[in-house]
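# Understanding the architecture of this molecule
Okay, here's what each chain looks like letter by letter:
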Amino acid sequence: MTTSSLPTASTADAPVIGVLALQGDVREHLAALTAAGATPRQIRRPEELAEVAALVIPGGESTTMSKLAIVFGLLEPLRERVRAGMPVYGTCAGMIMLADKILDGRDDQETIGGIDMIVRRNAFGRQNESFEAEVDIQGIEDGPVEGVFIRAPWVESVGGGAEVLATFDGHTVAVRQGNVLATSFHPELTGDHRVHKLFVDSVRAAG
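Residues numbered from 1 in each chain as written. Predicted model: local features only at pLDDT ≥ 70, side-chain atom pairs only at ≥ 80, totals over all residues. Heavy atoms only, no water.

Looking at an unreviewed UniProt entry, the protein chain carries the name Pyridoxal 5'-phosphate synthase subunit PdxT, with the source organism given as Streptomyces antioxidans. If you open the UniProt record of the protein chain and go to Function (unreviewed entry), you find "Catalyzes the hydrolysis of glutamine to glutamate and ammonia as part of the biosynthesis of pyridoxal 5'-phosphate. The resulting ammonia molecule is channeled to the active site of PdxS." UniProt lists a comment for the protein chain under the heading Subunit (unreviewed entry), and it reads "In the presence of PdxS, forms a dodecamer of heterodimers. Only shows activity in the heterodimer." (UniProt positions renumbered as here; feature names shortened; annotations may be inferred.)

In terms of helices and strands, the protein chain carries 6 helices and 12 strands. Here the C-alpha radius of gyration of the protein chain, 15 Å, is about what a compact globule of 207 residues would show, namely 17 Å. Dimensions along the principal axes, computed over C-alpha positions, put the protein chain at roughly 45 × 40 × 35 Å. Across the 207 residues that make up the protein chain, the buried fraction comes to 50%. Excluding contacts between residues fewer than 6 apart, the proportion of contacts in the protein chain whose partners are at least 24 apart in sequence is 68%. A total of about 9000 Å² of accessible surface is found on the protein chain, and carbon and sulfur atoms cover 47% of it. A distance of 6 Å separates the average location of the 18 positive side-chain charges in the protein chain from that of its 28 negative side-chain charges. (Helix = DSSP H or I, 4+ residues; strand = E, 2+ residues; numbered from the N terminus. Rg over C-alpha atoms; globule rule 2.2 N^0.38 Å. Buried < 20%, exposed > 50% of the residue type's maximum accessible area, 1.4 Å probe, protein only. Contact = heavy atoms within 4.5 Å. Areas by Shrake-Rupley, 256 points an atom, 1.4 Å probe, with all protein chains shown as cover. Lys, Arg positive; Asp, Glu negative; His and termini not counted. Charge placed at Lys NZ, Arg CZ, Asp CG, Glu CD.)

Moving on to helix H4 (residues 75-83). Those residues of H4 that fall on the buried side of the exposure criterion are Leu 75, Leu 78, Arg 79 and Val 82. Buried positions in H4, seen along its axis, are confined to an arc of 100 degrees and lie on one side of it. In the core, the buried residues of H4 are packed alongside strand S1 (16-20), helix H2 (46-49), strand S3 (54-57), helix H3 (62-71), strand S4 (88-91) and strand S12 (180-183). Just downstream of H4, Gly 85 is the residue with a positive phi angle, here 105 degrees. (Arc of directions from axis to C-beta.)

Here we come to the packing of aromatic side chains. Following the criterion strictly, the structure yields 9 aromatic pairs and no others. Note on Phe 124 and Phe 149: the rings are 5.2 Å apart at their centroids and 65 degrees apart in plane angle, and the pair reads as edge-to-face. Here Phe 124 is found in the loop between strand S6 (115-120) and strand S7 (131-135), whereas its partner Phe 149 is found in strand S8 (residues 145-149), with 25 residues between them in sequence. The class for Phe 124 is buried, based on a relative accessible area of 14%. When the centroid spacing of 6.3 Å and the interplanar angle of 50 degrees are considered together, the rings of Phe 124 and Phe 168 count as tilted. Of this pair, Phe 124 sits in the loop between S6 and S7 while Phe 168 sits in strand S10 (residues 163-168), and the two are 44 residues apart along the sequence. Phe 168 sits in the partly exposed class, given a relative accessible area of 23%. Site record: aromatic cluster; members linked through ring pairs are Phe 124, Phe 131, Phe 149, Trp 154, Phe 168 and Phe 185. (Phe/Tyr/Trp six-rings, centres within 6.5 Å; stacked < 30°, edge-to-face > 60°.)

Okay, here's the thing in structure tokens:
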């Protein structure tokens with residue numbers, strides 16, 4: 001799916017939701033958002049960020065993503081939009097980017113913040129230790145979702161403002177705080193779009 005093939009009109013039923021397209025599995029999120037009833041757009045510049053109602057931060061490499069966000073002049077605009085209440089959903093590296101504090105990160109690694117949580121990078125192991133598992137998520141009906149864990153983080157702890165939505169093997173893997181949602185795993189890789197629908201519905205509710 002390319003940007004030119006995506007719909008550009010926005011309605012209340014199809015909110016315009018950006019996907020941060022600096023690095024990571026952007027294409028899969030564009031497809032999942034479309035299936036969940038949104039109008040997706042790729043976001044690489046501050047002026048593009050200003051045109052969307054919400055944002056998805058994909059999986060990828062969180063240190064690279066944070067560096068590119070600075071290079072493209074996006075880090076501060078992202079922080080401002082999150083502080084202003086923009087709905088955001090982050091998967092894997094996106095979860096790390098939305099954490100107020102990270103463990104095992106680079107000394108110079110920046111985050112956007114938005115969720116009062118401490119996240120440990122690569123907590124579930126390296127690339128060759130990737131796995132899939134069923135995860136029960138609060139607010140998702142019709143059974144568990146299939147979670148794809150690829151060098152996945154987990155949440156070490158959450159503050160009073162954050163709500164734990166799911167755990168796996170004793171570790172928190174899905175969190176929400178206000179309009180900001182994060183998962184350790186990749187639902188966009190499974191063909192099950194219920195997590196994206198949960199997010200799209202929250203964007204509609206936020207107006």
